[in-house]
Amino acid sequence: MAWAFIGTDASGTSTSSSTSVACTTLATMAVGRVVTARIAKDNVQTTDGNTSEVTSVTDTRGNTWTKAREFCNGQGGEAAGAVIAIYYTVVTTQIEIGDTVTANFSSSITSKTIALDIFSMGAGSTVSVAGGNDVADDAADP
């Protein structure tokens, strides 16, 4: 059996200066499900590239979240561009309705968001991350 997209679960947004953003889950996420956290935030780094501005993702139940990828489009100044990151967990302790998933940052930032997607994974399947390209073609792409 292959992977299957179950759905988007929760999202959270904040425009108050802080070092994290959180969302409250709307569905139960069973053991063995893969949950991704899509995170976007104002940048601190001023150059383009693979960064570590998102330091971790945690949840109420203590599942282990792994960074798949992070990229900063710096635009030459702090908060002039954006950082995006993808984290994932293969659920080992069921996440319940009303639990919290939090993205943590290396510094305080104003604008940020997090959204969760849930997938089922076929027996014997694993999670692997393909390579990425660290190029931002500012104003060069239509």
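As the structure is a prediction and not an experimental result, all values here were calculated from the model.

### Description of the sheet that holds strand β6 (residues 82-90)
- Taken together, five strands build an open sheet; the order of strands is β1-β8-β3-β6-β5 and the sheet is antiparallel. The open sheet has two edge strands with one neighbour each: β1 (4-14) and β5 (66-73). The average undirected angle you get between the axes of adjacent strands in this sheet is 15 degrees.

### Describing the sheet that holds strand β4 (residues 54-59)
- Strand order in the open sheet formed by three strands is β2-β7-β4, and the pairing between neighbours is antiparallel. Looking at the sheet topology across the chains shown, the edges are occupied by β2 (18-24) and β4. Taken over all neighbouring pairs, the strand axes of this sheet differ in orientation by 20 degrees on average, direction set aside.
- In the sheet, β4 pairs with strand β7 (residues 100-109) via five bridges, with the strands oriented antiparallel. Note on β7: the bridge partner recorded for S56 is N104.

### Points about the pairing of strand β8 (residues 112-120)
- Among the nine residues that make up β8, eight are buried, leaving the element largely enclosed by the rest of the structure.
- As paired elements, β1 and β8 share eight bridges and run antiparallel to each other. Across the sheet, residue G7 finds its bridge partner in β8, namely I118.

### A short note on the packing of aromatic side chains
- A full pass over the atoms with the stated rule returns two aromatic pairs.
- Each member of the aromatic cluster is reached from another via a ring pair, and the members are W3, F5 and F119.
- Stacked on the ring of F105, the Lys or Arg K41 has its end atom at 5.4 Å from the ring centre.

### Let's talk about the side chain of D117
- Inspection of the secondary structure assignment puts D117 in strand β8.
- On the basis of relative accessibility, which here comes to 8%, the residue D117 falls in the buried class.

How each quantity is defined
- Residues numbered from 1 in each chain as written.
- Predicted model: local features only at pLDDT ≥ 70, side-chain atom pairs only at ≥ 80, totals over all residues.
- Heavy atoms only, no water.
- Pairing = 2+ DSSP bridges.
- Helix = DSSP H or I, 4+ residues; strand = E, 2+ residues; numbered from the N terminus.
- Axes fitted to C-alpha atoms, helices over the stretch in contact; angles between N-to-C directions.
- Buried < 20%, exposed > 50% of the residue type's maximum accessible area, 1.4 Å probe, protein only.
- Phe/Tyr/Trp six-rings, centres within 6.5 Å; stacked < 30°, edge-to-face > 60°.
- Lys NZ or Arg CZ within 6 Å of the ring centre and 35° of its normal.

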